[in-house]
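Residues per chain are reported as follows:
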Amino acid sequence: MAVYTLPELPYDYAALAPAISPEIIELHHDKHHAAYVKGANDTLEQLAEARDKETWGSINGLEKSLAFHLSGHILHSIYWQNMTGPKDGGGEPLAADGVGGLADAIAESFGSFGAFKAQLTKASATTQGSGWGVLAYEPVSGRLIVEQIYDHQGNVGQGSTPILVFDAWEHAFYLQYKNQKVDFIEAMWAVVNWQDVARRYAAAKERAYNLLLAP
Ligand code: MN
């Protein structure tokens, strides 16, 4: 039985236009995300088989495959929820909208919303090959940080929790933006669902524990 399943989109394929075209959303969710779900499930099965047969010749590849597909599944699951139609999305988090805790944390961690936005835009737009720009809650310091992820799983601080993710893989934008990745990242800001990001920030903070806890 499958451990991981593809979540439904919280909106229809056209909901994020004109920032992201319906064709991209359909392919991205139904094909790309689905492939990571299948890959994670298949890899777990192959690992179970390796344990049963005590055949460890492929262990390195399987562990890498698990990290890749599982991280792909998790990041895309967050990505869909992080966005909403341009009527409700975009702008910046404001206390008046009930997301003051997130707004304060961004200001404390980055100096200002503008400085944060510049860093996440640049980190996303300059990924080499395939990757993501991510705003994450880092539980040891209690600060927010921006991470530039390679593929789905590389270049992250252990224990950090992604709360806002920008997919910078070519499959996320090429049909509409061709090679203009920076234009796509700029357009992404118009569909950010700050209510969702604030919910994730509160949840990450709530369940934070001291990773360096002494015995
Ligand atoms: Mn993707």
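Residues numbered from 1 in each chain as written. Predicted model: local features only at pLDDT ≥ 70, side-chain atom pairs only at ≥ 80, totals over all residues. Heavy atoms only, no water.

## So, the UniProt feature "domain: Manganese/iron superoxide dismutase N-terminal" (unreviewed entry) in the protein
Under the local residue numbering, the UniProt record ascribes the feature "domain: Manganese/iron superoxide dismutase N-terminal" (unreviewed entry) to residues 4-84. Between the end C-alpha atoms of residues 4-84 there is a gap of 24 Å, over a span that is 69% helix and 0% strand. (UniProt positions renumbered as here; feature names shortened; annotations may be inferred. Helix = DSSP H or I, 4+ residues; strand = E, 2+ residues; numbered from the N terminus.)

## Observations concerning the layout of surface pockets
Volume-wise, the largest pocket comes out at about 340 Å³. In terms of lining residues, the largest pocket is bounded by 14 residues, among which Ser71, His152, Val156, Ser160 and Pro162 are the most central. Contributions of two or more residues to the lining of the largest pocket are made by helix 2 (59-82) and strand 2 (143-150). Take the lining of the largest pocket: its biggest share by element is 4 residues, from helix 2. In terms of residue class, the lining of the largest pocket is built from 6 nonpolar, 7 polar and 1 charged. (1 Å grid on protein atoms, 1.4 Å probe; cavity = no way out; pocket = protein on both sides within 12 Å on 5 of 7 lines; lining within 4 Å. Points joined across faces, edges and corners; volume = space filled by probe spheres on them. Nonpolar A, V, L, I, M, F, W, Y, C, P; charged D, E, K, R; others polar.)

## Regarding the side chain of serine 21
Locating serine 21 in the fold gives a position in the segment before helix 1 (22-53). In this structure serine 21 comes out as buried when scored by relative accessible area, which is 14%. Filtering out sequence-adjacent residues up to four positions away, serine 21 remains in contact with Tyr13 and Gln176. (Buried < 20%, exposed > 50% of the residue type's maximum accessible area, 1.4 Å probe, protein only. Contact = heavy atoms within 4.5 Å.)

## Some thoughts on the packing of helix 2 against helix 7 (residues 194-206)
Interhelical geometry of helix 2 versus helix 7 gives an angle of 130 degrees and a closest axis separation of 8 Å. Of the possible angle classes, the one that applies to helix 2 and helix 7 is oblique. Along its contact with helix 2, which presents Ile78, Gln81 and Asn82, the element helix 7 presents Asp196, Val197 and Arg200. Counted by class, the contact of helix 2 with helix 7 contains 2 nonpolar, 2 polar and 2 charged residues. (Axes fitted to C-alpha atoms, helices over the stretch in contact; angles between N-to-C directions. Parallel < 35°, antiparallel > 145°, perpendicular 65-115°, else oblique.)

## Digging into the sheet that holds strand 2
The strand order across the open sheet built from 3 strands is 2-1-3, with neighbouring strands paired in antiparallel fashion. A single partner strand is all that each edge strand has here, and the edge strands are strand 2 and strand 3 (161-167). When strand polarity is set aside, the average angle formed by the axes of neighbouring strands in this sheet is 25 degrees. Direction of pairing for strand 1 (residues 131-138) relative to strand 2: antiparallel, over a ladder of 8 bridges. Paired with leucine 135 across the bridge in strand 2 is valine 146. Running at roughly 75 degrees to strand 2, helix 3 (residues 100-110) makes contact with strand 1, strand 2 and strand 3 of the sheet. (Pairing = 2+ DSSP bridges.)

## Comments concerning the pairing of strand 1
In terms of burial, strand 1 is largely enclosed, as 8 of its 8 residues are buried. Of the two faces of strand 1, the one holding Gly131, Gly133, Leu135 and Tyr137 and the one holding Trp132, Val134, Ala136 and Glu138 are both buried throughout. Turn length for the strand 1-strand 2 hairpin, with the two strands adjacent in sequence and antiparallel, is 4 residues, and the turn residue glycine 142 shows positive phi of about 75 degrees.

## Here we look at helix 6 (residues 181-188)
The periodicity of an α-helix, 3.6 residues per turn, causes residues three or four places apart in sequence to face the same way. Along helix 6, the positions that sit buried rather than exposed are Lys181, Phe184, Ile185, Ala187 and Met188. Seen along its axis, helix 6 keeps its buried residues to an arc of 160 degrees; they face one direction. Its buried side turned inward, helix 6 meets helix 2, helix 4 (113-125), strand 3 and helix 5 (174-177). (Arc of directions from axis to C-beta.)

## Focus: the coordination of the manganese ion
On the protein side, the manganese ion has His28 (NE2), His76 (NE2), Asp167 (OD) and His171 (NE2) as donor atoms, found 2.0 to 2.2 Å from it. The sequence pattern describing where the donors of the manganese ion fall on their chain is H-x47-H-x90-D-x3-H. Of this pair, histidine 76 sits in helix 2 while aspartate 167 sits in strand 3, placing them 91 residues apart in sequence. Residue classification places histidine 76 among the buried positions, given a relative accessible area of 0%. For aspartate 167, a relative accessible area of 0% translates into the label buried. (Donors = N, O, S within 2.8 Å, 3.2 Å for Na, K, Ca; no water.)

## A closer look at the domain arrangement of the protein
Domain parsing of the protein yields domain 1 (22-81) and domain 2 (95-207). Taking only C-alpha atoms into account, the centre of domain 1 sits 22 Å from that of domain 2. Taken together, the contact pairs 15 residues of domain 1 with 22 residues of domain 2. Here domain 1 meets domain 2 over a buried area of about 1600 Å², counting both sides, of which 70% is carbon and sulfur. In this assembly, domain 1 and domain 2 are joined by 0 salt bridges. At the surface where domain 1 touches domain 2, the tally comes to 5 residue pairs in polar contact (both at pLDDT 80 or more). At the level of secondary structure, the elements contributing two or more residues to the side of domain 1 that touches domain 2 comprise helix 1 and helix 2. When residues in the side of domain 1 that touches domain 2 are grouped by element, the largest group, 10 residues, is from helix 2. Here the side of domain 1 that touches domain 2 is built from residues that sort into 8 nonpolar, 6 polar and 1 charged. (Domains from an automatic or database assignment. Buried area = accessible area lost by both parts, 1.4 Å probe. Salt bridge = Lys/Arg side-chain N within 4 Å of Asp/Glu carboxyl O. Polar contact = N/O pair within 3.5 Å; in protein donor to acceptor, adjacent residues only side chain to side chain.)

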